[in-house]
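Letter by letter, the chains look like this.
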Amino acid sequence: MTDLATDLFADFQRQATSRIDALTESARAGALDAAIELLAGSLQNGGVLQAFGTGHSQAFAMEIAGRAGGLIPTHSLALRDLVLLGKRPLEVLHGGLLERDDSVVDDLWSLYDFQPADVFLIASNSGVNGSIVGLALKAKAEGHAVIAVTSLAHTNAVTPKHPSGKRLSEVADVVIDNLAPYGDTTLELPGGLGVGAVSSITAAFIAQLLTIGAAERVQAAGEVPPLFISANIPEGDVHNRALQDRYGDRIGHLA
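Now for a quick tour of the structure. From a predicted model like this one, the values you see are computed outputs, not experimental measurements.

Thresholds, definitions, all that
Residues numbered from 1 in each chain as written. Predicted model: local features only at pLDDT ≥ 70, side-chain atom pairs only at ≥ 80, totals over all residues. Heavy atoms only, no water. Helix = DSSP H or I, 4+ residues; strand = E, 2+ residues; numbered from the N terminus. Buried < 20%, exposed > 50% of the residue type's maximum accessible area, 1.4 Å probe, protein only. Polar contact = N/O pair within 3.5 Å; in protein donor to acceptor, adjacent residues only side chain to side chain. Contact = heavy atoms within 4.5 Å. Salt bridge = Lys/Arg side-chain N within 4 Å of Asp/Glu carboxyl O. Pairing = 2+ DSSP bridges. Right-handed = clockwise from strand over helix to strand, strands pointing away.

## Re the side chain of H162
- Along the polypeptide, H162 turns up in the loop between α7 (152-155) and α8 (168-171).
- For H162, a relative accessible area of 13% puts it in the buried group.
- Polar contacts involving the side chain of H162 include one to the side chain of S164, which spans 2.8 Å.
- When near neighbours in sequence (up to four residues on either side) are disregarded, H162 contacts D102, V128, G130, V133, G134 and L137.

In structure tokens:
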């Protein structure tokens, strides 16, 4: 390992941990309270937390929906469902262009069973692609609250791609800054190439903060928070299935 690589590793750790520390402190100061109140209220009223992201922001939806230690009334929307559950051909998934296509929103929406108490959590580092903004607008038009996780530094530096001319941050009821820089990378190699993307790390941390906060709020109200137990420990499947059955296909998690 070269000295440069060792230094870059340490620099990236500082870049990542400084953002994690900042998110923790802002959460402790109440910056996530509005989002947590929406999530807890949804859970207490029979709602499902609907998570959506494209590209690497799909990782945020995976942190929210269907994982051990996470909330059971959660569901991940995905563009690939247009092929798996809908009638779009496999070819539409090639090239990554689907996330920029605002016309997919109605087809995507039609694949799922949404209820009035559902809240939408939408993650996008840039916050300007057509499917992202389009879904946020659709959710709002249907009466749902929208929580956005995005990079304010990046989204405010680029032009919206949705016909409305809006950014995700301009549609959502609550906006959470993932603290990623413009372009996402935090380090520079000799010659000027960027490396060390950080948005996936901070978005995953935000997802866990929201999950913890919502679960704690539900428990503080005298209810048992509906949390997944790992399927790989004894009785995990039994516990999970008993709660999953309450929501049926509304939280159908694909492999």
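## As for the pattern of salt bridges
- The tally for this structure, following the rule as stated, stands at 11 salt bridges.
- Here E37 ties to R217 by a salt bridge, and the two come within 2.3 Å at their closest N and O atoms. Of this pair, E37 sits in helix α2 (residues 33-44) while R217 is found in helix α9 (residues 199-220), placing the two residues 180 residues apart along the sequence.
- One salt bridge in this structure joins E170 and R167, with 3.3 Å as the shortest N-O distance.
- Among the residues examined, E170 registers a relative accessible area of 44% and is labelled partly exposed.
- Residue R167 is classed as buried on the basis of its relative accessible area, which comes to 15%.
- Sharing partners across several salt bridges, the network here consists of D106, K138 and E142.

## Considering unusual backbone geometry
- A positive phi is found at L179, a non-glycine position, where the angle reads about 65°.
- Exposure remark for L179: the relative accessible area of 27% places this residue in the partly exposed category.
- The residue E235 is not glycine, and still its phi comes out positive at about 70°.
- As for its placement among the helices and strands, E235 is situated in the loop between α9 and α10 (236-244).

## Remarks on the pairing of strand β3 (residues 119-124)
- Counting buried positions along β3 yields six of six residues, so the element is predominantly enclosed.
- With burial as the criterion, each face of β3 is covered, one bearing V119, L121 and A123 and the other bearing F120, I122 and S124.
- Pairing analysis gives five bridges linking strand β1 (residues 49-53) to β3, with the strands arranged parallel. Counted as the bridge partner of Q50 is F120 from β3.
- Across six bridges, β3 lies against strand β4 (residues 145-150) in parallel orientation. Across the sheet, the residue bridging to L121 is I147, located in β4.
- Between the parallel elements β3 and β4, the chain passes through helix α6 (residues 130-141) in a crossover that is right-handed.

## Thoughts on the side chain of R250
- One can find R250 in the segment after α10.
- Exposure remark for R250: the relative accessible area of 14% places this residue in the buried category.
- Residue contacts for R250: discarding those within four places in its chain leaves G46, G47, V48, H75, D113, Q115 and D118.

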